[in-house]
Amino acid sequence: QDYFTDENRVLKKDPQQDYHLEYAMENSTHTILAFSRELHTCDTNDKSITESTVRVIWAYHHKDMGEAGQNYHGSNRGTKSLRLLNPEKEEVLSASLPYFDLTNKDVPVPDKDTTYWCQMFKIPVQHEKHHVTKVEPLIQKGHENLVHHILLYQCSSNLNDSVLDYGHECYHPNMPDSFLTCETVIFAWAIGGEGFTYPPHVGLSIGTAADPQFVLMEVHYDNPSYTEGLIDNSGLRLIYTPVIRKYDAGVIEAGLWVSLFHNIPPGMPEFVSEGHCTLECLEEALGAERPSGIHVFAVLLHAHLAGRAIRMRHFHNGEEQKLLAYDDEFDFNFQEFQYLKEERTILPGDNLITECHYSTVDRIRMTWGGLSTRNEMCLSYLLYYPRINLTRCASIPDIMEQLQFIGVKEIYRPVRQTWPFIIKSPKQYKNLSFMDAMNKFKWSRSEGLSYNELVLKLPVNVRCSKTDNAEWSIQGMTALPPEIERPYKTEPVMCSSTSCLRCSLFTTLLFVVYVTASTIGNIGPFV
């Protein structure tokens, strides 16, 4: 039966029964229910099922429900974030396919909230082209909440084996110079995600001169409780094949360049940031390397704790296309590549906007773009083919008008010696840093809304990067954000009620309860 709950967590029978039992089965160890429901039911007591993240909550009692109502589930409960319409693509891979592991070796995780650990590896497959067909996370047992994300970067091919000797904290002043040559993201995994299987016609190329020889694995450890004595050995497993596929995969990082120029006022129930993969960058890179366009087949949307929704908007010659990817129920603890239902072609003349929605109602200070999970990001990683020499297509909003918004009149120059901006006038901000001044400003919701309107219209600095730290000529240029409709208008939902049981649009959900041998005696017949 179809029930719903209220704010007091009391179960009530839904007058509109939209869940339909397909079959049920019970044996000595399992109870299985398979049931179906329309994706959109027009029932205010049901949540629509979309491509966004869904929080699935489950609970059961060992005894069937009696006349007095449901029994309290006790500890037999749990929750899991899923994309019900985006299951992992399971390709049948030969069990004999070779693989190699890139794992940290006894890394001491510091007792601080955020640590980025970098370790260089040499790809073991050499002298002959192969294709990686699947990447799986290898998370040390018990560290599922400690390891927040893993990025794999391609490094300069001019390095030698001496860089393999040790790992180091990333973005640290004493970080080895060799780490600075690793800018091209070739794979990304984030907490809650599972393994990623490439489509049958695409693979991550390894083994040739154009492919990664050395890679840097960046592991983000999230330790908000400052636990001491943690030792980690997590990493990735790469499964590969000598049977070459038709296309080499590439990755483009799109969105907002991670910096203090990206900031969000406190106390805001909603604040929108936009990162631009500009027409100018795509025009130059695609025009030179692939005028017929590239084909995107998966997207990873990435933000931190304040993130609530992310959309990847796609424009062709100024006309908005269907969303490339979206998650209107973003869960910081569940981030993985979304396979696109249909591959999307990106052409010269296109531009992409990563649109991130945040909530800072529980914060009393500014939230800054940065590496910590308490900082924010607004990024999309596009998996595509065929591979071209474009690794980052992003933007930075202009900073001077942000300063002017809070009343700053003059800063000390040269900026490079006073970063992050020491303010000269007016008096109330004198000798404060940009960050201190923004925190001192008395933010109200109306001020926050005005500030949001401003930053969305600011000119942007274009980031348009190649491999090996090279840049397309457009890098560093200033561009105006395109005139677009805000907010994005979602497509109207066609919903079906219980009167349309045989409509073609439905999803089947499978619910499995495992009952241990010690409790089997308590179970009556399933009703």
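Residues numbered from 1 in each chain as written. Predicted model: local features only at pLDDT ≥ 70, side-chain atom pairs only at ≥ 80, totals over all residues. Heavy atoms only, no water.

Peer 1: Can you help me understand the packing of aromatic side chains in this one?
Peer 2: Under the definition given, this model contains 19 aromatic pairs. Taken together, a centroid distance of 6.0 Å and an interplanar angle of 40° make the contact between F187 and F337 tilted. Here F187, found in strand β13 (residues 184-190), pairs with F337, found in the loop between β26 (325-327) and β27 (338-346); they are 150 residues apart in sequence, far enough to count as distant. For the pair F187 and F337, one class covers both residues: buried. Ring centres of W368 and F434 lie 5.4 Å apart, and the angle between their planes is 70°; this geometry places the pair in the edge-to-face category. Of the two residues, W368 is situated in strand β29 (residues 367-368) and F434 in helix α3 (residues 434-440); the sequence distance between them amounts to 66 residues. What makes W368 buried here is its relative accessible area of 6%. The exposure class assigned to F434 is buried, which follows from its relative accessible area of 0%. (Phe/Tyr/Trp six-rings, centres within 6.5 Å; stacked < 30°, edge-to-face > 60°. Helix = DSSP H or I, 4+ residues; strand = E, 2+ residues; numbered from the N terminus. Buried < 20%, exposed > 50% of the residue type's maximum accessible area, 1.4 Å probe, protein only.)

Peer 1: Help me out: how do you make sense of the sheet that holds strand β30 (residues 379-385) in this one?
Peer 2: Strand-to-strand pairing in sheets goes through backbone hydrogen bonds, with the strands running parallel or antiparallel. Pairing within the open sheet is mixed, and its seven strands lie in the order β27-β23-β30-β20-β31-β34-β35. Edge strands, defined here as strands with exactly one partner in the open sheet, are β27 and β35 (478-479). In this sheet, β35 lies alongside strand β34 (residues 460-465) in antiparallel orientation, the contact comprising two bridges. In the strand pairing of β35, V460 is matched with A479. (Pairing = 2+ DSSP bridges.)

Peer 1: Explain the state of the cysteines here, please?
Peer 2: Linking two cysteines covalently through their sulfur atoms gives a disulfide. According to the stated counting rule, one finds five disulfides in the structure shown. Paired by a disulfide, C118 and C170 hold their sulfur atoms 1.9 Å apart. Classification of the bridge connecting C118 and C170 rests on its S-S torsion, roughly 115°, and on that basis the disulfide is right-handed. Of this pair, C118 sits in strand β9 (residues 114-122) while C170 sits in the loop between β12 (168-169) and β13, and the two are 52 residues apart along the sequence. Considered together, C118 and C170 belong to a single accessibility category, that of buried residues. Each sulfur of the disulfide joining C155 and C182 lies 2.0 Å from the other. Taking the torsion about the sulfur-sulfur bond, which here is approximately 110°, the covalent link between C155 and C182 counts as right-handed. With C155 in the loop between β11 (147-154) and β12 and C182 in the loop between β12 and β13, this pair connects stretches of sequence that are 27 residues apart. Comparing C155 with C182, the two get one shared label, buried. (Disulfide = S-S within 2.5 Å.)

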